[in-house]
Amino acid sequence: MIYKLYYGETGYNLVLPDDLDVTIIRKHPMKPLDDPRKHLVASLESPMQAEPLVQAVRGNKSVCILICDDTRPVPNGLILPEIVKQLELAGVDTSNVTILVATGLHEPLSQDTLRETVGDDRLFDRTRVVSHDATERSRHLSLGSTPNGTPIHLDRRFVEADVRIVVGLVEPHFMAGYSGGRKLIAPGVASTETISHLHAYSVLSQPAASNCILSGNPLHEEQLRIAKQVGPTYAVNVVLDENRKICYLNFGELVESHLQAVNYFKRYGEIQIDDPYTTVITTSAGHPLDNTYYQTIKGMVGAAGALAPEGKMFVVSRCAKGFGSIKFREAQKRLVNLGPSGFLKELERKPTADIDEWQTQLLAEVMLKGSYALYTEGLDKEERTLTGVLNVSELERSVLDWVQRSEDRRIAVIPEGPYVIPLNPNV
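Our subject in this report is the structure included herewith.

Parameters at a glance
- Residues numbered from 1 in each chain as written.
- Predicted model: local features only at pLDDT ≥ 70, side-chain atom pairs only at ≥ 80, totals over all residues.
- Heavy atoms only, no water.
- Buried < 20%, exposed > 50% of the residue type's maximum accessible area, 1.4 Å probe, protein only.
- Helix = DSSP H or I, 4+ residues; strand = E, 2+ residues; numbered from the N terminus.
- Pairing = 2+ DSSP bridges.
- Right-handed = clockwise from strand over helix to strand, strands pointing away.
- Phe/Tyr/Trp six-rings, centres within 6.5 Å; stacked < 30°, edge-to-face > 60°.
- Lys NZ or Arg CZ within 6 Å of the ring centre and 35° of its normal.
- Axes fitted to C-alpha atoms, helices over the stretch in contact; angles between N-to-C directions.
- Parallel < 35°, antiparallel > 145°, perpendicular 65-115°, else oblique.
- Left-handed = near helix turned anticlockwise from the far one by under 90°.
- Contact = heavy atoms within 4.5 Å.
- Nonpolar A, V, L, I, M, F, W, Y, C, P; charged D, E, K, R; others polar.

## Observations regarding the pairing of strand 16 (residues 307-316)
Counting buried positions over the 10 residues of strand 16 gives eight, a clear majority of the element. Alignment of strand 15 (residues 277-283) against strand 16, held across six bridges, turns out to be parallel. The partner of Thr 282 across the bridge, within strand 16, is Val 315. Handedness of the crossover joining strand 15 and strand 16 through helix 11 (residues 293-302): right-handed.

## Quick look at the packing of aromatic side chains
Within this structure, the stated rule accounts for 11 aromatic pairs. Ring centres of Tyr 178 and Phe 265 lie 5.7 Å apart, and the angle between their planes is 75 degrees; this geometry places the pair in the edge-to-face category. Of this pair, Tyr 178 sits in strand 11 (residues 177-178) while Phe 265 is found in helix 10 (residues 254-269), placing the two residues 87 residues apart along the sequence. Feature note: the residues Tyr 293, Tyr 294, Phe 323 and Phe 328 constitute an aromatic cluster, connected by ring pairs. In this structure, Arg 115 packs its charged tip against the face of Phe 124, placed 4.2 Å from the ring centre. Here the guanidinium or amino end of Arg 410 rests over the ring plane of Tyr 277, the centre of that ring lying 4.2 Å away.

## Quick look at the packing of helix 12 (residues 326-348) against helix 13 (residues 357-367)
The interhelical angle for the contact between helix 12 and helix 13, taken along N-to-C directions, is 50 degrees, at an axis separation of 9 Å. Regarding the angle of helix 12 to helix 13, the classification is oblique. Our pair here, helix 12 against helix 13, has a crossing hand that is right-handed. Every residue of helix 13 that contacts helix 12 at Phe 328, Ala 331, Gln 332, Arg 334, Leu 335, Pro 340, Phe 343, Leu 344 and Leu 347 is listed here: Glu 357, Gln 359, Thr 360, Gln 361, Leu 363, Ala 364, Glu 365 and Met 367. Here the residues of the contact of helix 12 with helix 13 sort into 10 nonpolar, four polar and three charged.

Worth remembering: the numbers are spatial, not functional.
So this is what it looks like as structure tokens:
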């Protein structure tokens, strides 16, 4: 039997014997919108808990639109032109419109990647299109701090705009519960200092800082506090099916519109399972999310609910752009040298996080619960060592060898990786 997995831009055809007991874990079927553009226009004209966009913008001068970076397949080429059209109808000079890529601590995008992410070259002639840079402290405005002591330093181009809009993909997030909405603000356009507080061990080690949890999630709640300090903000929220078709889209007040999109996704993407599996095969959702090993960890954490104690997870990820940042490499070296328990004990003593070590923290936590194997064509020998997990060159053979040793022929296959979350109360 052939199972198509998301892997890079082309996919991976997993071939397994027919006599294995294979369960495919995927989203419940969604219905794509018949006319997404028409639906978007209607949403802009009748938003959730807010004035229509044209009415809200009229009389204002500057607008800042936050968009996700190149790790998320947001249909910006559809959404951004319609927003800009509405702004023009309101009398806004598009030279005062800034499209700002909410990179967080990721690298600012190259010009080619920026054009691919925006999705419509005409916008480069009509608006300012730029990337956020968390390391440029002078570009951030201080808004004080949260009651928990998180300093609020945000990109002044967003904070000082007369009208603020975020455009995000709503999907599970292994720390914040769900992506989109307030997450584009923090960490999206926050400074290094703010992000290091948000991703501290004391925050991310709490059980509620996990996939599909908003209530009681300390990271989510801190993000809401930061967003509140910014002031009124609009949001476009998008949900995609496994074929990257738009199935849900809304527009409105930041918090409420995001929550409605989350409630929609929950019906389709949170999958209850009765028993965990000794063998799990998953992905990092293919291009663009599986471009680096850094992002691949989301696939490992996302599928953890399906993995039985002492089980093995096989992760298929292209890693076409390599490993990840220098800081992430440093964290992974410490993980390899100290082991998962030693690495986590080291983090317990730190009040804030070093850049990108939070990804290694989440990896270390799941490594304590099972074993992991990676299939990739995108890493060199040194990078494979730094993954901290077993690397396999022949996926099918490795899977069958493990199944034979485990004497359990039940296998869970999760083709879309972290975009669908298996939930088991016993794991």
